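Below are the chains, spelled out letter by letter.
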Amino acid sequence: TQLRNGLLLAGALAALVITLGAVWMSRSILVAVQRVARAAQRVAREDLPGLLHVVRAVANGDLTQTVQIQTEQIDLTGCDELGRMAADVNHMIERLRETGDACAEMRQGLHELIGQVQAGGGASTIVRRSRRPQAREASRARRASLLPR
């Protein structure tokens, strides 16, 4: 009976340790999944719509709009599926920031170009420069169509 009680106690302790380990492991996985999900949701619900708003505003001539990507990168590393997913979401956030920066550069360039055109000094030069590549392509296309086949 003493041996049986010892085995039962050892079995109960082993079950308790296994249960606590499983709870700890599932909780750490759940926390990691939630962090990745929150970042993806923030990109989808805030950052992408904000970027789209600015791009549409610039397309409509409003150069006063700016975009700021708010989502922070996820501090989660690992070689498992969650670590790779977090790395992919971080890569997406970084590219989104680069897109926002490129949009800001484009907006600034357009603003400067409009200022030059409004000043009147550089309007004809700007038009000539912007049409030059198109004119060359059109000339090449015309020549190509005149060549015997």
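For the structure, check the block above.
Residues numbered from 1 in each chain as written. Predicted model: local features only at pLDDT ≥ 70, side-chain atom pairs only at ≥ 80, totals over all residues. Heavy atoms only, no water.

Asks: Help me understand helix H2 (residues 81-119), please; the structure alone is not making it clear to me.
Replies: It helps to recall that an α-helix has 3.6 residues per turn; residues three or four apart then point in one direction. Given a rise of 1.5 Å per residue, 39 residues ought to cover 57 Å, and the 57 Å separating the end C-alpha atoms of H2 matches this to within 8%. Against the buried residues of H2 lie helix H1 (2-59). A positive phi of about 85° marks Gly120, the residue just after H2. (Helix = DSSP H or I, 4+ residues; strand = E, 2+ residues; numbered from the N terminus. Expected span 1.5 Å × (residues − 1). Contact = heavy atoms within 4.5 Å.)

Asks: Would you mind going over the pattern of salt bridges with me for this structure?
Replies: Where charged atoms of side chains with opposite charge meet at close range, the side chains can pair. With the rule as written, the count across this model stands at three salt bridges. Among the ionic pairs, Glu46 bridges to Arg42, the shortest N-O distance being 2.9 Å. Placement of the pair is Glu46 and Arg42 together in helix H1, with a separation of four residues, close to one helical turn. Note that Glu98 is salt-bridged to Arg95, the shortest N-O span being 2.9 Å. Of this pair, Glu98 and Arg95 both sit in helix H2, three residues apart, which is roughly one turn of that helix. Here Arg95 falls in the partly exposed class, since its relative accessible area comes to 37%. (Salt bridge = Lys/Arg side-chain N within 4 Å of Asp/Glu carboxyl O. Buried < 20%, exposed > 50% of the residue type's maximum accessible area, 1.4 Å probe, protein only.)

Asks: Mind showing me how you'd approach the nonpolar core here?
Replies: One broad rule of soluble globular proteins: the nonpolar side chains tend to lie buried together. Ranked by size, the top nonpolar core spans 17 residues in total, and within it Val36, Ile74, Leu76 and Val89 carry the most contacts. Looking at this core, the elements that each hand over two or more residues are H1 and H2. With seven residues, the single largest contributor to this core is H1. With near-sequence residues (within four places) excluded, Val89 lies in contact with Val36, Ala39 and Ile74. (Core = buried A, V, L, I, M, F, W, Y, C linked by side-chain atoms within 4.5 Å.)

Asks: Looking at this structure, I do not really get H1. What am I missing?
Replies: Over its 58 residues, H1 runs 84 Å from end to end, which matches the ideal 86 Å to within 8%, given 1.5 Å per residue. For H1, the full list of buried residues reads Ala32, Val36, Ala39, Val43, Asp47, Leu51, Val54, Ala57 and Val58. Where the residues of H1 are buried, they touch H2. Positive phi appears at Gly61, one or two residues downstream of H1, with a value of about 95°.

So, to be careful, I would describe these as geometric facts and stop short of saying anything about function.
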